[in-house]
Amino acid sequence: MQLIYAAASPFARKVRVLAAETGLLERIELLDTAVLPTTLNERVNALNPLGKIPVLLTDDSEALYDSRVICEYLDTLHDGPRLLPQDAARWSVLRLVALADGLMDAAVLARYEKAARQPEQQSQAWLDGQLGKVKRALAELERQAERLQGPVDMAQIGVACALGYLDFRFADLDWRAAHPRLAAFQQAFAQRASMRSSAPV
Ligand code: GSH
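Within any chain, residue numbers begin from 1 and follow the written order of that chain's sequence. Local features in this predicted model are restricted to residues of pLDDT 70 or higher, and side-chain atom pairs are both shown and tallied only at a pLDDT of 80 or more, whereas totals for entire chains, interfaces and linings draw on every residue. Values reported for side chains reflect all heavy atoms of the structure, with hydrogen atoms and water molecules removed beforehand.

Taking an unreviewed UniProt entry as the reference, the chain is identified by name as Glutathione S-transferase belonging to Ectopseudomonas guguanensis.

Printed below as a string of structure tokens:
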């Protein structure tokens, strides 16, 4: 398999962490690329018309996206405990995955506003709107922090990658100050080899 990814992408990091946690990483060739919503990346677009990464090319040369689909696919390829529970717990895990993905979506859009647009084009209202989503997602994750315990699952991976992205791009947000339970979760989860080897650059 091949994974089209960027080292800074929190969505691609989710896939890399899940692959490492499930012993699948050695079966995946990592292909680094750069993407921006303002620049067409022909190689990515040929595989995903949305022009977004991550994209996984399966051994059957099928292009899979987005990160949630790829994670679910990879979760069917290993013999260990499933990282997306198959019982009733599935729905609360998926909801946390959606919350973490939404946090990442908003943070990435805020990042693009600052990094991909000229200063005179940037909208403070847009930035405030996206960062408002980030803050509300953090508050909800803090409320649900007890769900981030126990054996590694997709929710823990998603939340850890979302928080890691905030540290990487929005360190000045100081999210730990008001979210002690999340901070404790992240401190422990970030020690995992899968997280250490996929730190954004
Ligand atoms: N829902 C997608 C997923 O879960 O994979 C989001 C992926 C995404 O937004 N990736 C960013 C991207 O490809 C990089 S972190 N941006 C390029 C663009 O928006 O055109």
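Things to note about the packing of aromatic side chains
Two rings from Phe, Tyr or Trp (for Trp, the six-membered ring) form a pair when their centres sit within 6.5 Å of each other. Planes less than 30 degrees apart are called stacked, planes more than 60 degrees apart edge-to-face, and all others tilted. With the rule as written, the count across this model stands at three aromatic pairs. Put simply, the rings of Tyr165, Phe168 and Phe170 touch in pairs and so form one group of aromatic residues. A ring is considered to have a charge above it if a Lys NZ or an Arg CZ atom is located within 6 Å of its centre and within 35 degrees of its normal. Note that Arg90 overlies the ring of Trp91, its terminal NZ or CZ placed 5.4 Å from the centroid. The residue whose ring lies beneath Arg192 is Phe189, and the NZ or CZ to ring-centre distance is 5.6 Å.

Here's the deal with the domain arrangement of the chain
Frequently, the measure chosen for interface size is the accessible area that the parts lose on association. Start and end points for every domain follow an automatic or database-based domain assignment. As assigned here, the chain comprises domain 1 (2-75) and domain 2 (89-192). Taking only C-alpha atoms into account, the centre of domain 1 sits 20 Å from that of domain 2. Taken together, the 17 residues of domain 1 in the interface contact 20 residues of domain 2. Note: buried area is the sum, over both parts, of the accessible area (probe 1.4 Å) each one loses when the two are combined. Across the domain 1/domain 2 interface, buried area totals approximately 1600 Å², and carbon plus sulfur atoms make up 72% of it. When the area that domain 1 buries against domain 2 is broken down by residue, the three leading residues are Phe11, Lys14 and Arg68, summing to 32%. One speaks of a salt bridge when a side-chain nitrogen belonging to Lys or Arg is within 4 Å of a carboxyl oxygen belonging to Asp or Glu. If you look at where domain 1 meets domain 2, you find four salt bridges. The partner of Arg192 in a salt bridge is Glu21, and the shortest N-O contact between them spans 2.7 Å. Whether two residues are in contact is decided by their heavy atoms, any of which lying within 4.5 Å being enough.

Quick notes on the sheet that holds strand 4 (residues 63-64)
One open sheet holds the four strands; their spatial order is 2-1-3-4, and the pairing between them is mixed. In the strand order of this sheet, the two ends are held by strand 2 (29-32) and strand 4, each with one partner. Between any two strands, pairing holds if DSSP finds at least two bridges. Counting from the N terminus, the helices are DSSP H or I runs at least four residues long and the strands are E runs at least two residues long. With three bridges joining them, strand 1 (residues 2-5) and strand 3 (residues 55-57) adopt antiparallel strand pairing. When the sheet's bridge partners are listed, Ile4 is paired in strand 3 with Val55. Axes, fitted as lines to C-alpha atoms, cover a helix only where it is in contact. Angles between the N-to-C directions of the axes lie from 0 to 180 degrees. Strand contacts of helix 3 (residues 67-75): strand 1, strand 3 and strand 4, with the helix running at about 35° to strand 3, the strand carrying the most contacts.

Structural notes on the site of the ligand
For each residue, the test is whether any non-hydrogen atom lies within 4 Å of the molecule or strand; if one does, the residue is near. Around the ligand sit 13 residues, and of these Lys52, Ile53, Asp66, Ser67 and Tyr112 come closest. Contacts to the ligand include Ile53, whose backbone N or O atom sits 2.9 Å from a nitrogen atom. Each polar contact in these results corresponds to two N or O atoms within 3.5 Å; when the atoms are within protein, one needs to be able to donate a hydrogen and the other to accept it, and residues that are neighboring in sequence are counted only if both atoms are side-chain atoms. Here Ser67 contributes a side-chain N or O atom positioned 2.6 Å from an oxygen atom of the ligand. In isolation the ligand has 510 Å² of accessible area, and contact with the protein removes 88% of it. The residue inventory of the shell around the ligand, partitioned by class, reads eight nonpolar, three polar and two charged. We get accessible surface area from the Shrake-Rupley algorithm with a probe of 1.4 Å; when it comes to residues, only the shown protein chains can shield them. In this classification, Asp, Glu, Lys and Arg are treated as charged, Ala, Val, Leu, Ile, Met, Phe, Trp, Tyr, Cys and Pro as nonpolar, and every other residue, Gly included, as polar.

Re the side chain of Arg90
On the secondary structure map, Arg90 appears in helix 4 (residues 89-115). Any residue under 20% of the maximum accessible area for its type is buried, any over 50% is exposed, and the rest in between are partly exposed; the area is computed with a 1.4 Å probe on protein chains only. Take Arg90: its relative accessible area is 19%, and that puts it in the buried class. With near-sequence residues (within four places) excluded, Arg90 lies in contact with Glu72, Leu84 and Pro85.

Here's the deal with unusual backbone geometry
Following Ile53, the chain continues into Pro54 via a peptide bond in cis, with omega recorded as 10°. If you trace the backbone, Pro54 turns up in the loop between helix 2 (42-47) and strand 3. With an omega of 0°, the peptide bond between Tyr65 and Asp66 qualifies as cis. Turning to its location among the elements, Asp66 is positioned in the loop between strand 4 and helix 3. A positive phi angle, close to 50°, is found at Asp174, a residue other than glycine.

Side note on the nonpolar core
By nonpolar core we mean a set of buried residues, namely Ala, Val, Leu, Ile, Met, Phe, Trp, Tyr and Cys, connected to one another through side-chain atoms within 4.5 Å. With 55 residues, the main nonpolar core has Leu74 and Leu166 as its most contacted residues. Elements with a contribution of two residues or more to this core: strand 1, helix 1 (10-21), helix 3, helix 4, helix 5 (124-143), helix 6 (154-169) and helix 7 (180-189). With eleven residues, the top contributor of residues to this core is helix 4. Composition of this core by domain shows at least three residues from each of domain 1 (2-75) and domain 2 (89-192). Beyond its immediate stretch of four places on either side in the chain, Leu166 contacts Leu103, Ala107, Val134, Leu138, Ala171, Leu173 and Trp175. Core analysis: the second largest hydrophobic core is formed by six residues, Leu31, Val44, Ile53 and Val55 among them.

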